[in-house]
Amino acid sequence: MRDPYRLVRARPEPGFEISVDGVPVPVVPGQTVGAAMHGAGIRSWRTTRFGGRPRGLFCGIGVCFDCLVTVNGTPSLRACLTEALPGDLVTTGDEGEG
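Rules of the game
- Residue numbers here run from 1 along each chain, matching the order of that chain's written sequence.
- Per-residue local features are limited, in this predicted model, to residues with pLDDT of at least 70; the limit for side-chain atom pairs, both in listing and counting, is 80 or more; totals at the level of whole chains, interfaces and linings are taken over all residues.
- The basis for every side-chain value is the complete set of non-hydrogen atoms in the structure, without hydrogens or water.
- Each helix corresponds to a stretch of at least 4 residues labelled H or I by DSSP, and each strand to a stretch of at least 2 residues labelled E; elements are numbered beginning at the N terminus.
- Remark: exposure states derive from per-residue accessible area (1.4 Å probe, protein chains only) relative to the maximum for the residue type, with buried under 20%, exposed over 50%, and partly exposed in between.
- Contacts are residue-level and defined by heavy atoms, with any inter-residue pair within 4.5 Å sufficient.
- Note: two strands are recorded as paired if DSSP finds a minimum of 2 bridges between them.
- Orientation is described by lines fitted to C-alpha atoms, with helices fitted over the stretch in contact, and by angles between N-to-C directions that extend from 0 to 180 degrees.
- Salt bridges, as used here, are contacts in which a Lys or Arg side-chain nitrogen is within 4 Å of a carboxyl oxygen on Asp or Glu.
- For every residue, the pLDDT score states the predictor's confidence, bounded by 0 at the bottom and 100 at the top.

A short note on the overall build of the protein
Working step 1: Regarding its fold elements, the protein presents two helices and seven strands.
Working step 2: The secondary structure elements of the protein, listed N-terminal to C-terminal, are α-β-β-α-β-β-β-β-β.
Working step 3: Among the 98 residues that make up the protein, the fraction classed as buried is 33%.
Working step 4: Once local pairs closer than 6 in sequence are excluded, the contacts in the protein between residues at least 24 apart make up 38%.

Now the structure itself:
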């Protein structure tokens, strides 16, 4: 069997946690914030301004802006492109409504 960490280009360092809205989320080194959230079962974290439709990962490659989050106080980051780092504080909500 192939090494799954090699397939996703994750580094072999020990895992760690980030905080998403105060909830600890496990991270495999090399994962993006969006991948860690998805892996933890968090599928949506903001809603559209009109209709309140849930949004989270959609394209997963940084094109659509549906996965916006605030990381360590920096708003409107795309979770699918932002690498998770030990101790990151992620908040979700009404980021750049669309």
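Re the sheet that holds strand β1 (residues 16-20)
Working step 1: Ordered in space as β2-β1-β7-β5-β6, the five strands form an open sheet in which the pairing is mixed. In this open sheet, the two edge strands, each paired with only one partner strand, are β2 (23-27) and β6 (74-78). Pairwise comparison of adjacent strand axes, ignoring direction, gives a mean angle of 40 degrees for this sheet.
Working step 2: For strand β5 (residues 68-71) and β6, the ladder comprises three bridges, and the chain directions are antiparallel. When the bridges of β6 are listed, Val69 appears paired with Leu77.

Here we look at the pattern of salt bridges
Working step 1: Per the counting criterion, the structure on display carries two salt bridges.
Working step 2: Residue Asp66 is joined to Arg46 by a salt bridge in which the shortest nitrogen-to-oxygen separation is 3.8 Å. You can see Asp66 sitting in the loop between β4 (54-55) and β5 and its partner Arg46 sitting in strand β3 (residues 46-47), a full 20 residues away along the chain. Across this residue pair, the class does not change: Asp66 and Arg46 are buried.
Working step 3: Between Asp66 and Arg55 there is a salt bridge, with the nearest N and O atoms lying 3.6 Å from each other. With Asp66 in the loop between β4 and β5 and Arg55 in strand β4, the pair connects residues that are 11 residues apart, well separated along the chain.
Working step 4: For Asp66, a relative accessible area of 15% corresponds to the buried category.

Some words on the confidence of the model for the protein
Working step 1: Confidence along the protein averages 88 in pLDDT terms, with 86% of residues attaining 70 or more.
Working step 2: No element of the protein has a lower mean pLDDT than helix α1 (residues 4-7), which averages 68, and none a higher one than strand β7 (residues 89-91), which averages 98.

Overview of unusual backbone geometry
Working step 1: Despite not being glycine, Asp21 shows a phi value in the positive range, around 50 degrees.
Working step 2: You can see Asp21 is positioned in the loop between β1 and β2.
Working step 3: For Asp21, a relative accessible area of 42% translates into the label partly exposed.
Working step 4: Even without being glycine, Ser76 reaches a positive phi, approximately 60 degrees.
Working step 5: Locating Ser76 in the fold gives a position in strand β6.
Working step 6: The class for Ser76 is partly exposed, based on a relative accessible area of 41%.

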